[in-house]
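One letter stands for each residue in the lines below.
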Amino acid sequence: MEIIVVEPHGYCAGVCRALALAKKAKAENPGKRIFLLGAPVHNEIATKVLENEGFVLLDERELPLETHLRTLSRGDIVVFSAHGHPEVYDRIAQENGILAIDATCPFVDANRHKGKEVVSGGIPLFYVGTRGHLEAESFLKNVPDSIFIDARSPEVKLGGAKAFLIAQTTLSDTEVELALTVLKSHFAQVEILSARCGATEIRQKAIRALPRDCEALIVLGSSASNNSRKLAEIGEEIGLDSYLALDAGSLRAIPFEKYEKIALAAGASTPPECFKEALAYLRSLSSPL
């Protein structure tokens, strides 16, 4: 079995920055608990490592993040997620004497600033994203006059001369193009303002460029990771048998005996160690006895 390693792999710059900020806060505040408001990276293995290092995860699956934030005390330290956060969180932290560290990804932050800049101009601003995702929900709260389009089934009820479009940073090109097509059927001119995640875009293009005789795609990543799921979806879109696997252990359920050539990719939120272990496992399968 031939294995194609899809480049790049490992954390994107936004994840590296978020993790570095969290660890810097911990190093500069020995003995204090550092709270993570929402998972800084959507990967269970990465989150578990942080918890083992002493970070306290405030999980949105247990309580709304704003409720979590309001339970903290004066002098506590909280790290905001790389996926962005509603601006009201900054005010809550300041009013309650909580030290807030903003680990928002620069691409996510650029979309927020651009959205706030153009929405006051009277031209409709649409945001295409994944319903319920923290990045999308934060944008909509920070730019409340924007109009949400679900990337899965885009619908538009307005029309006119011009509209702006901003996309969630980890969507696939196909999803953005679909939303753009729908908007163009309602507006004479549509301008895309979105800042896309560079690491995600490069990985998506690399999968589309896989050789035609590649039969299957393994994407290492969590089902909670939007960017990882998109890579697997693109694999399916181009005709590959696509599998989303959390770690090397998850690969054992895949029928590799069916394939002569496979590709191994990783989401931008997948720990580098997971990739190394998975690649070693696959190479052990393809090595002669």
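Here the residue numbering is sequential within each chain, running from 1 through the sequence in written order. It should be noted that, the model being predicted, local features are given only for residues of pLDDT at least 70 and side-chain atom pairs only at 80 or more, the latter also being counted only at that level, while totals for whole chains, interfaces and linings use all residues. To obtain the side-chain values, all non-hydrogen atoms of the structure were included, while hydrogens and water were left out.

A. Region of the structure containing the pattern of salt bridges. Think of a salt bridge as a Lys or Arg side-chain nitrogen and an Asp or Glu carboxyl oxygen that are within 4 Å of each other. If you walk through the whole model with that rule in mind, you get 16 salt bridges. As a salt-bridge pair, E191 and K162 come within 3.3 Å of each other at their nearest N and O atoms. Linking E191 in strand β9 (residues 187-192) with K162 in strand β8 (residues 160-167), this pair joins segments that are 29 residues apart in sequence. Residue burial is assigned from relative accessible area. The probe radius is 1.4 Å, only protein chains are included, and a residue is buried under 20% of its type maximum, exposed over 50%, and partly exposed in between. Given the relative accessible area of 32%, E191 is considered partly exposed. The helix and strand labels rest on DSSP assignments: H or I over at least four residues marks a helix, E over at least two residues marks a strand, and numbering proceeds from the N terminus.

B. Molecular detail of helix α10 (residues 272-286). A helix is expected to reach a length of 1.5 Å times the quantity of its residues less one. Taking 1.5 Å of rise per residue, the 15 residues of α10 would be expected to cover 21 Å, and the 21 Å separating its terminal C-alpha atoms lies within 8% of that figure. When we look at burial in α10, the residues that qualify are C274, F275, A278, L279, Y281 and L282. Projected down its long axis, α10 shows its buried positions confined to an angular sector of 160°, all on one face. Only heavy atoms matter for contacts: two residues are in contact if any of them lie within 4.5 Å across the pair. At its buried positions, α10 is contacted by β1 (2-5), α2 (44-52), β10 (216-220) and β12 (261-266). The directions considered for the arc run from the helix axis to the C-beta atoms.

C. Region of interest: the packing of helix α5 (residues 106-118) against helix α6 (residues 134-142). Every angle, taken between N-to-C directions, lies between 0 and 180 degrees, and every axis is a line fitted to C-alpha atoms, over only the stretch in contact when it is a helix. It is at 10 Å that the axes of α5 and α6 come closest, and there the two elements cross at 25°. Accordingly, the angle class assigned to the pair α5 and α6 is roughly parallel. Every pair of crossing elements has a handedness; the one defined by α5 and α6 is right-handed. Of α6, the residues touching α5 (which contributes V108, N111, R112, G115 and K116) are E135, F139 and N142. Throughout this description, any angle smaller than 35 degrees is read as roughly parallel, any larger than 145 degrees as roughly antiparallel, any in the 65 to 115 degree range as roughly perpendicular, and the remainder as oblique. Helix crossings fall into two classes, left-handed where the near helix is turned counterclockwise from the far one by less than a right angle and right-handed where it is turned clockwise.

D. Fine view of the state of the cysteines. Put simply, a disulfide is two cysteine sulfurs that come within 2.5 Å. Considering all chains together, one arrives at zero disulfides under this definition. For C105, which is in no disulfide, the shortest distance to another cysteine sulfur is to C197 and amounts to 5.9 Å. The exposure class of C105 is buried, given its relative accessible area of 11%.

E. Geometry of the pairing of strand β7 (residues 147-150). Pairing between strand β6 (residues 125-129) and β7: four bridges, direction parallel. For G129, the partnering residue across the bridge sits in β7 and is D150. The β-α-β motif built from β6, the intervening α6 and the parallel element β7 has right-handed crossover chirality. A pair of strands is labelled paired if DSSP reports no fewer than 2 bridges between them. Here a crossover is taken to be right-handed if, once the strands point away from the viewer, the path from the first strand over the helix to the second is traced clockwise.

F. Structural context of the sheet that holds β6. Taking strand neighbours across the sheet as the criterion, the four strands line up as β7-β6-β8-β9 in an open arrangement whose pairing is parallel. Two strands close off the open sheet at either side, each with one partner strand: β7 and β9. With strand direction ignored, the average angle separating the axes of adjacent strands in the sheet is 30°. Its contacts with the sheet place α6 against β6, β7 and β8, and it is angled at close to 165° to β6. Packed onto the sheet, helix α7 (residues 173-184) meets β6, β7, β8 and β9 and runs at close to 150° relative to β9.

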